[in-house]
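Chain by chain, the residues run as shown.
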Amino acid sequence: EADIYQTPRYLVIGTGKKITLECSQTMGHDKMYWYQQDPGMELHLIHYSYGVNSTEKGDLSSESTVSRIRTEHFPLTLESARPSHTSQYLCASSDRGQFLTSTDTQYFGPGTRLTVL
Amino acid sequence: RKEVEQDPGPFNVPEGATVAFNCTYSNSASQSFFWYRQDCRKEPKLLMSVYSSGNEDGRFTAQLNRASQYISLLIRDSKLSDSATYLCVVTLNGGKLIFGQGTELSVKP
């Protein structure tokens, strides 16, 4: 079982509020990711990090920002939440396996279900 | 065109049935291939990696055809607990995962 945690699990908030979704992992993984998933739809990568002080935008444009000050922590922030931000946000982490032929297995947190009214 | 495309679901099958999911990917530089399982309102979890030689894990068999850019997952003797959405996942150089839209499976008694 992977040790990756997200808080809060559920958040209902009004338009214009600033929110931070927390993600922490205790596996020492260098790589961390944020995905956005609407109900019944595919996951879209919105941010990723290859290590401390490294952040990159993903394939889906997002108004959120991320930071990676510590290996274990990868918070996502929305400065001004809007109803269009309503979605599920999934955090993941990965670490290359011990063999050269191994590939990155991503372990997912339980997700934060965000509703912006 | 989506980078990873899967059979549109849902698949509704009786217990004990054999079911096959198909997936195609568009980027010939794709490096690694996986099947993930996602239960309703839960996070995705790795089901199995997919190797060119094909691989089996109990009732689950995965196949990869690099020439055709095609991946498959076969589930034999399906159980009620197999009901979930199955995600075809491809990685590009650097480890970025590209997810298919998923195929929903519902196994009925």
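Here the residue index of a chain counts from 1 through its sequence in written order. Written order determines the labels here, with chains lettered from A and ligands numbered from 1. For this predicted model, a pLDDT threshold of at least 70 governs which residues receive local features, and a threshold of 80 or more governs which side-chain atom pairs are given and counted, while totals over whole chains, interfaces and linings are taken from all residues. Only hydrogens and water are removed before side-chain values are computed, so all heavy atoms of the structure are retained for them.

**Regarding the overall build of chain A**
Here is step 1: Strands are runs of DSSP state E lasting at least 2 residues, helices are runs of H or I lasting at least 4, and numbering of each runs from the N terminus. If you tally the helices and strands in chain A, you get 0 helices and 11 strands.
Here is step 2: Counting from the amino terminus, helix and strand elements in chain A follow one another as β-β-β-β-β-β-β-β-β-β-β.
Here is step 3: The C-alpha atoms of chain A give a radius of gyration of 14 Å, which matches the 13 Å a tight globule of 117 residues would have.
Here is step 4: The buried label goes to any residue with under 20% of its type's maximum accessible area, the exposed label to any with over 50%, and the partly exposed label to all in between, with areas taken from a 1.4 Å probe on protein chains only. Residues counted as buried form 49% of the 117 residues belonging to chain A.
Here is step 5: When checking whether two residues touch, look at their non-hydrogen atoms; a contact exists if any pair is within 4.5 Å. Expressed as a percentage of contacts within chain A between residues at least 6 apart in sequence, the contacts between residues at least 24 apart total 55%.
Here is step 6: Carbon and sulfur atoms make up 52% of the accessible area of chain A, which amounts to about 5,900 Å² in all.
Here is step 7: In this tally, Lys and Arg are treated as positive and Asp and Glu as negative; His is ignored, and so are the chain termini. By convention, the point assigned to a charge is CZ for Arg, NZ for Lys, CD for Glu and CG for Asp. For chain A, the centre of its 10 positive side-chain charges and the centre of its 13 negative side-chain charges are spaced 6 Å apart. Using C-alpha atoms as the atom set, the radius of gyration is obtained and then compared with a globule rule of 2.2 Å times the number of residues to the power 0.38. Computed by Shrake-Rupley with a 1.4 Å probe, the accessible areas treat only the displayed protein chains as cover when residues are assessed.

**Here's the deal with the sheet that holds strand S3 (residues 19-25) of chain A**
Residue and element names in this part refer to chain A.
Here is step 1: The strand order across the open sheet formed by 4 strands is S1-S3-S8-S7, and the pairing between neighbours is antiparallel. Sheet topology places strand S1 (4-7) and strand S7 (65-66) at the edges, where each strand pairs with a single neighbour.
Here is step 2: With 4 bridges joining them, S1 and S3 adopt antiparallel strand pairing. Paired with Tyr5 across the bridge in S3 is Ser24. Here, any two strands with at least 2 DSSP bridges between them count as paired.

**Describing the state of the cysteines**
Here is step 1: Any two cysteine sulfur atoms within 2.5 Å of one another count as a disulfide. Applying the stated criterion across every chain, the model contains 2 disulfides over all chains.
Here is step 2: Across a sulfur-sulfur distance of 1.9 Å, Cys23 of chain A and Cys91 of chain A are joined as a disulfide pair. For the disulfide bridge between Cys23 of chain A and Cys91 of chain A, the dihedral angle about the S-S bond is near -75 degrees, and by the sign convention the bridge is left-handed. Of the two residues, Cys23 of chain A sits in strand S3 while Cys91 of chain A sits in strand S9 (residues 87-95), which places them 68 residues apart along the sequence. Like Cys91 of chain A, Cys23 of chain A is buried.
Here is step 3: Between the sulfur atoms of Cys23 of chain B and its disulfide mate Cys88 of chain B the distance is 2.0 Å. Across the S-S bond of Cys23 of chain B and Cys88 of chain B the torsion is about -75 degrees, and the bridge reads as left-handed. Highlighted residues: Cys23 of chain B in strand S3 (residues 19-25) and Cys88 of chain B in strand S9 (residues 84-91), separated in sequence by 65 residues.

**A look at the packing of aromatic side chains**
Here is step 1: Here is the rule: rings of Phe, Tyr and Trp (six-membered ring for Trp) pair when centre to centre is within 6.5 Å. Planes less than 30 degrees apart are stacked, more than 60 are edge-to-face, and the remainder are tilted. For the structure shown, the criterion picks out 12 aromatic pairs over all chains.
Here is step 2: An angle of 85 degrees between the planes, with centres 5.9 Å apart, marks the rings of Phe108 of chain A and Tyr36 of chain B as edge-to-face. One end of the pair, Phe108 of chain A, is in strand S10 (residues 105-108); the other, Tyr36 of chain B, is in strand S4 (residues 32-38), on a second chain.
Here is step 3: Pairing Phe21 of chain B with Trp35 of chain B gives two aromatic rings, centres 6.5 Å apart and planes at 45 degrees, and the pair type is tilted. In this pair, Phe21 of chain B sits in strand S3 while Trp35 of chain B sits in strand S4, placing the two residues 14 residues apart along the sequence.
Here is step 4: What makes Trp35 of chain B buried here is its relative accessible area of 0%.
Here is step 5: Grouped by ring-pair contacts, the aromatic residues Tyr33, Tyr35 and Phe108 of chain A together with Phe34, Tyr36 and Phe99 of chain B constitute a single cluster.
Here is step 6: Criterion for a charge above a ring: Arg CZ or Lys NZ at most 6 Å from the ring centre, at most 35 degrees from the ring normal. Between Lys31 of chain A and the ring centre of Tyr50 of chain A, over which it is positioned, the NZ or CZ distance is 5.3 Å.
Here is step 7: In this arrangement the basic side chain of Arg68 of chain A is found over the ring face of Phe74 of chain A, its NZ or CZ atom lying 5.8 Å from the centre.

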